[in-house]
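Observations on chain architecture
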Amino acid sequence: MKFMHLSDLHIGIRLYHFDLIEDQRFVLRQIIQCAETEQPDAVVIAGDIFDKSVPSSEAVKLFDEFMTELANVEPDMTIMIISGNHDSARRLDCFRHILKKEQIYMVGLPPEHEGECIERVTLSDEFGKVHFYLLPFVRPAAVRGVVGEQVNSYDEAIHLLLAREDINENERNVLVSHQFYVRDKKRAHEVERAETEVYTIGNIDATDSDCLAPFDYVALGHLHKPMKVERDTVRYCGTPMPYSLSEEGQEKGILIVTLGEKGTEPNIQKVSLVPRRNVRNIYGTLEEVLSHPSEDYMWVTLTEKPKLDISDVQVRLRTAFPFLLGMSYNTDPVITREHIPCMQLNEVTPFDLFMQFCPELEEEDQDLLKDVIHTVKGVI
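Residues numbered from 1 in each chain as written. Predicted model: local features only at pLDDT ≥ 70, side-chain atom pairs only at ≥ 80, totals over all residues. Heavy atoms only, no water.

**A closer look at the environment of Cys34**
For the record, the criterion: In this description a helix means any DSSP run of H or I spanning at least four residues, a strand means any run of E spanning at least two, and both kinds are numbered starting from the N terminus. Contacts are assigned to residue pairs that have any heavy atoms within 4.5 Å of one another.
With respect to the secondary-structure elements, Cys34 resides in helix α1 (residues 21-38). For the pair Cys34 and Ile256, spaced 222 residues apart in sequence, the C-alpha separation works out to 9.5 Å. Ignoring sequence-local partners within four residues, the contact set of Cys34 consists of Met4, Ile254, Ile256 and Val271.

Printed below as a string of structure tokens:
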């Protein structure tokens, strides 16, 4: 049984002020080509299809294109999709039962009521049955209606839901889930996370991976960096392309999993995906960074303050780096838009500061912005 494991498409996400729709179309096309080459029995998408619960029309259109092409790869191929914490569970659950007839299982909602179970899809090959358990992103409050009692933690919610399932461990079982699983919840803070991921205070969403023991393979979504959890067969495949500066240098891709006979180790292969543009930080003096022009998404950190007006500096940087995310002086290696040094804030007007983040603002909107700033300053 061969299947593709991908997750965290985040269709519609923006990288600072840049729209990534074309970048995403570029990488999704590679996934289609991989499916055409590998001819898998199934494709598993482990959540966060969209970046927002109410996606833009462009994001919906791209997902429609992707699903249409994917479904056309092989008529007998099964597609299984769950919702992530960024998705609208009810929207993805729409037409759930109708789509089953086309071998597309798009599961937005986990069990909500007593008697309901996790959606299970059973496929067969020469070694027998393979049961895929499709568990969308779960919040503790959602489990109360299933177990009839208050559930206070993510860990408890997941353990209760899985414990209710009648899992035949003599057959092969695969779990598809979108949660934050860790071997030791006390060490959850040590797991490397991307700046675009949703964090909870005290990592209260961490779930102990001991509940995953009955499964021959666990296809996970949620964390953006590819990684294993305790064993080789519990995998986060990561995002198909970098969505933040904190993902610089990560090799993105999808996983091809082949299950053999029960009791044998699955064969897991990574297929690398090439982004349309990389995401990079560059450091140095103005002259040094300008000597390395690039069309990647760049954040520039100047190690010396040039003897030029900031607007002149930006013009030069945007000439060398047309996809400039931003710039700062003497900041830490990981840069976010919040990291604006005090020296810079003291030397630019509120309007100039705003324009660093929205450089493509039209003239009419710039005039409106100036009027708003002057009005607010007058009130203060």
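**Section: the sheet that holds strand β5 (residues 78-82)**
Spelled out, the test is: Here the rule is simple: two strands pair whenever DSSP picks up at least two bridges between them. Note on definitions: angles span 0 to 180 degrees between N-to-C directions of axes, and those axes are lines fitted to C-alpha atoms, for helices only across the stretch in contact.
Taken together, the six strands give an open sheet; going across it, the order is β6-β5-β4-β1-β15-β16, and neighbouring strands pair in mixed fashion. Among the strands making up the open sheet, the edge pair consists of β6 (104-107) and β16 (267-272). The sheet shows a mean angle of 15 degrees between the axes of neighbouring strands, direction not considered. Direction of pairing for strand β15 (residues 253-258) relative to β16: antiparallel, over a ladder of six bridges. Opposite Ile256, over in β16, you have Gln269 as the bridge partner. Contacting β1 (2-6), β15 and β16, α1 runs over the sheet at an angle of about 170 degrees to β1. Seen against the sheet, helix α2 (residues 57-71) touches β1, β4 (42-46), β5 and β6 and runs at an angle of roughly 150 degrees to β5.

**Re the pairing of strand β12 (residues 217-221)**
Applied cut-off: Exposure classes here rest on a 1.4 Å probe applied to the protein chains alone. A residue is buried below 20% of its type maximum, exposed above 50%, and partly exposed in between.
Among the five residues in β12, five count as buried, and that is most of the element. Residues of β12 alternate between two faces, with Tyr217, Ala219 and Gly221 on one and Val218 and Leu220 on the opposite face, all of them buried. Taken together, the five bridges between strand β9 (residues 172-178) and β12 define a ladder with parallel strand orientation. Within the sheet, the bridge partner assigned to Ser177 lies in β12 and is Leu220. By the bridge criterion, three bridges tie β12 to strand β14 (residues 231-236) in an arrangement that is parallel. Bridging across to β14, Leu220 finds its partner in Tyr236.

**Structural notes on the environment of Gln103**
Which entries qualify depends on this criterion: Polar contact is the term for a pair of N or O atoms within 3.5 Å; when the atoms are in protein, one must be able to donate a hydrogen and the other to accept it, and sequence-neighboring residues count only if both atoms are side-chain atoms.
Within the element layout of this structure, Gln103 appears in the loop between α4 (96-99) and β6. Measuring from C-alpha to C-alpha, the distance between Gln103 and Met80 comes to 8.3 Å, with 23 residues separating the pair along the chain. With sequence-adjacent residues up to four places away left out, Gln103 is seen in contact with Pro75, Asp76, Met77, Thr78 and Ile79. A polar contact is formed between the side chain of Gln103 and the backbone oxygen of Asp76, at a distance of 3.5 Å.

**A short note on unusual backbone geometry**
A positive phi angle, close to 50 degrees, is found at His10, a residue other than glycine. Judged by its relative accessible area of 0%, His10 is buried.

All we've got here are geometric facts, nothing functional implied.
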